[in-house]
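Structure at a glance
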There are 2 protein chains.
Amino acid sequence: MATINDIAAKLGVSKSTVSKGLNNATDISEEMRKKILETAVELGYSNKRLMNREKKLCIIIENMDYNTPNQFGHDIILGFKQMAEPDGWTVDVIPIDKEFQRNIPYGVFMMQNGYLGAFILGFSLIDPWMPEFKSSKIPAVLYDNYISNNPHIASVGCDCQEGFDQIIKHLLDFGHRKIGLISGPLESYILKARYSAYINALSKYNLEINEDYIGLGYYVTDSTKEHVKRMYDLGITAIICSHDVRAISAITECRDKGLRIPEDISIVGFDDLPMTAYTDPPLTTVRQDRTALGRAGYYAMSCLQNDLPIGSVMLRAPLIVRGSTGPARKTD
Amino acid sequence: MATINDIAAKLGVSKSTVSKGLNNATDISEEMRKKILETAVELGYSNKRLMNREKKLCIIIENMDYNTPNQFGHDIILGFKQMAEPDGWTVDVIPIDKEFQRNIPYGVFMMQNGYLGAFILGFSLIDPWMPEFKSSKIPAVLYDNYISNNPHIASVGCDCQEGFDQIIKHLLDFGHRKIGLISGPLESYILKARYSAYINALSKYNLEINEDYIGLGYYVTDSTKEHVKRMYDLGITAIICSHDVRAISAITECRDKGLRIPEDISIVGFDDLPMTAYTDPPLTTVRQDRTALGRAGYYAMSCLQNDLPIGSVMLRAPLIVRGSTGPARKTD
């Protein structure tokens, strides 16, 4: 375990300067303070004693709306705070972007602000801070991301395999046999996971896996325009969209092309965004209970704060059946 | 929600008789009481009001030693109680067998004893109570078992995929390419999961999957006798055993056949039983932290008690490298 002496030796400054840097004293330069903190993180210096003065956690959020009720991030944050605050934690919400991450290493950011743990929302695989989680010793809970082998990091999410198993079973009961998937590109942990869940579920129920039944694309509207009618013409009778926003776009695309839902084609989403109950027809989808995700995130954080090395907490993901799915149309 | 009236109507007895049955009064026959409880469970009657008089949980344990420190069940129970008792729970440990399960339905047993939740250890897929977990509304946490879609049941265990990924990577670093698996029959959830984890890990690292590299057998000694030398003759340079007891048997079998560990063949276990540090050579294995499993079991129970529908909590499973693995021998 590195000491203040080690940091001082490495930087060639006095012990008292290092101490000032770690304690946010104002009589050293900002540049020197940053150097001290970076070196402290690099050497694995633990300032638990310093940090323990205050029970502070942060929720770091990117690519996710959270300002008004019912927005995805809002309800997750609400659930987390509902559990954390009665336990005596202060919870700060920190919206960031990639530029922010490039300017300061994660460990330095956490140490500088005295946070004892972070709940990370909305990160993709290419976020600059992601590699740091492989070795970080600060407890962090990642929503819909997974870091192998680091006992200080846990993952929380909904069990998308269970979600896809239910979707496929539901569609089978309606006589569907050719089932397509429209998804964003596989650049995030969760889209990869849902893609695998689709393949596994087809395989489990002995349905055909065919690359023509899969459509990936970055732009939502473009990819539904490209794939919905194409899949219909292939004899596909049901399309699963990897998230609700794409499913809603698919509904619009069906209307444009004169395809009736569910008579001509069934559409299924994933997430259960509030608006999906009010689409025409209302969308069959898999529910991610957002408040429960936040609460589960706090349970995971409690485990890590108590040195219990959990890797993941998975929530149930129930299928919500609405009007966008029905019996398969007759095909040749 | 069923009421006392519904139970009375179904059985054709008075409301006060039903009430006596639910309250463990002594002035009705044991047979009638059992009938009342069974009907209550069947109709989904919730006696939360009655049960809430006392915060009682039980740990139901089968096929697992737990009486002395370091035994598998002992440490799991210890971890669970360490968390539950300070929270005000009384925790009873109930050793059972299949006969016990056949004599009384799970729901009746729980209701009769006023337990608000159960932590289930050591069950196999063929245990008589297993089907009840599909629809039970009483919070239960199952160690190394998984029940789909029931929001009242959660699973806790070590992440065996992460464990096998680490084993295969470790063996690859030592130059092993043909890697065998010796396992019990795939009659339990966890042996199935480890079998899949072995296949997935080989596939992930582009290694050959070959049914001749796999040996399944109920009797530990018989199966190591049958498979260890056979695998060696096939050019296999490392054998993974699905649990430590088999790995220890494999070490004995190697000695009997004059095979040196690790020079001629590497052996890997799974579980990190205390004795594995003292075998000759000491065993490389994946650690299941037993006390942590018990603590994680209680975290999962807390979630369920608070209506948070988690499906699983997975612990990290670190690889413990000891002397039973080394560089692969030269093969043709």
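Above this note sits the structure.
Read on for a plain summary of the structure. (Residues numbered from 1 in each chain as written. Chains lettered and ligands numbered in written order. Predicted model: local features only at pLDDT ≥ 70, side-chain atom pairs only at ≥ 80, totals over all residues. Heavy atoms only, no water.)

Here we look at the relation of the copies chain A and chain B
Least-squares fitting of chain A to chain B yields an RMSD of 0.1 Å, with the superposition described by an axial translation of 0.0 Å and a rotation of 180°. Both copies of the chain, as the preceding transformation shows, are related through a two-fold rotation axis. The C-alpha atom lying nearest the rotation axis in chain A is that of Val 313 of chain A; the distance is 2.3 Å. In this assembly, 100% of the residues forming the interface of chain A have copies in chain B that are likewise at the interface, indicating an isologous arrangement. (Least-squares fit on C-alpha atoms with pLDDT ≥ 70 in both. Contact = heavy atoms within 4.5 Å.)

A look at the pairing of strand S5 (residues 153-158) of chain A
Residues and elements named next belong to chain A. Here S5 lies mainly inside the structure; 6 of its 6 residues are buried. The alternating pattern of S5 places Ile 153, Ser 155 and Gly 157 on one face and Ala 154, Val 156 and Cys 158 on the opposite face, and all of these are buried. The pairing of strand S4 (residues 140-143) with S5 spans 4 bridges and is classified as parallel. Within S5, the residue paired with Val 141 across the bridge is Ala 154. Sheet analysis places S5 next to strand S11 (residues 310-315), joined by 4 bridges and oriented parallel. Looking at S11, one finds that Cys 158 is bridged to Leu 315. (Buried < 20%, exposed > 50% of the residue type's maximum accessible area, 1.4 Å probe, protein only. Helix = DSSP H or I, 4+ residues; strand = E, 2+ residues; numbered from the N terminus. Pairing = 2+ DSSP bridges.)

Details of the nonpolar core
Ile 240, Ile 267 and Ile 310 of chain A together with Ile 240, Ile 267 and Ile 310 of chain B are the most contacted members of the largest nonpolar core, which totals 142 residues. Tyr 45, Ile 104, Ala 118 and Ile 138 of chain B belong to the second largest nonpolar core, which has 33 residues in total. (Core = buried A, V, L, I, M, F, W, Y, C linked by side-chain atoms within 4.5 Å.)

Examining the packing of aromatic side chains
Taken as a whole, this structure holds 24 aromatic pairs over all chains when the rule is applied. Each ring, one from Phe 72 of chain B and one from Tyr 143 of chain B, has its centre 6.3 Å from the other, and the planes form 35°; the classification is tilted. On the criterion of sequence distance, the pair formed by Phe 72 of chain B in helix H5 (residues 72-84) and Tyr 143 of chain B in strand S4 (residues 140-143) is long-range, its members being 71 residues apart. Judged by relative accessible area, Phe 72 of chain B falls into the buried class, the value being 14%. A centroid spacing of 6.0 Å and a plane angle of 40° characterise the contact between Phe 109 of chain B and Tyr 115 of chain B, whose relative ring orientation is tilted. Residue Phe 109 of chain B shares its accessibility class with Tyr 115 of chain B, and that shared class is buried. Of the aromatic side chains, those joined through ring pairs into one cluster are Phe 100, Tyr 106, Phe 109, Tyr 115, Phe 123, Trp 129 and Phe 133 of chain A. (Phe/Tyr/Trp six-rings, centres within 6.5 Å; stacked < 30°, edge-to-face > 60°.)

So, helix H10 (residues 220-233) of chain B
All names here are of chain B. In this model H10 runs 20 Å from its N-terminal to its C-terminal C-alpha over 14 residues, within 8% of the 20 Å that 1.5 Å per residue would give. Taken together, the buried positions of H10 are Ser 223, Thr 224, His 227, Val 228 and Met 231. Buried-residue contacts for H10 involve strand S6 (179-183), strand S7 (214-216), strand S8 (238-241) and helix H11 (244-256). Of the residues trailing H10, Gly 235 is marked for its positive phi of about 95°. (Expected span 1.5 Å × (residues − 1).)

Looking at the sheet that holds strand S1 (residues 56-61) of chain B
Taken together, 12 strands build an open sheet; the order of strands is S2(A)-S1(A)-S3(A)-S4(A)-S5(A)-S11(A)-S11(B)-S5(B)-S4(B)-S3(B)-S1(B)-S2(B) and the sheet is mixed. At either margin of the open sheet sits one strand with a lone partner, and together these are strand S2 (90-95) of chain A together with strand S2 (90-95) of chain B. Strand after strand, the sheet turns through a mean of 15° between neighbouring axes, direction not considered. (Axes fitted to C-alpha atoms, helices over the stretch in contact; angles between N-to-C directions.)

Concerning the interface of chain A and chain B
Every contact between the two is made by 28 residues of chain A and, on the other side, 28 residues of chain B. Ranking the residues of chain A by area buried against chain B places Tyr 299, Leu 308 and Arg 316 of chain A at the top, with a combined share of 33%. On inspection of chain A and its partner chain B, the count reaches 28 residue pairs in polar contact (both at pLDDT 80 or more). Residue assignment for the side of chain A that touches chain B shows that the elements contributing at least two residues are S5, helix H8 (160-173), helix H12 (290-305) and S11 of chain A. (Buried area = accessible area lost by both parts, 1.4 Å probe. Polar contact = N/O pair within 3.5 Å; in protein donor to acceptor, adjacent residues only side chain to side chain.)

Here's the deal with the packing of H10 of chain B against H11 of chain B
All names here are of chain B. The contact between H10 and H11 brings their axes to 9 Å, and the two run at 50°. Between H10 and H11, the crossing angle belongs to the class labelled oblique. For H10 against H11, the interelement crossing comes out right-handed. For the pair formed by H10 and H11, the contact residues are Val 220, Thr 221, Ser 223, Thr 224, Lys 225 and Val 228 on the first element and Val 245, Arg 246, Ser 249, Ala 250, Glu 253, Cys 254 and Asp 256 on the second. Per-class residue counts for the contact of H10 with H11 are 5 nonpolar, 4 polar and 4 charged. (Parallel < 35°, antiparallel > 145°, perpendicular 65-115°, else oblique. Left-handed = near helix turned anticlockwise from the far one by under 90°. Nonpolar A, V, L, I, M, F, W, Y, C, P; charged D, E, K, R; others polar.)

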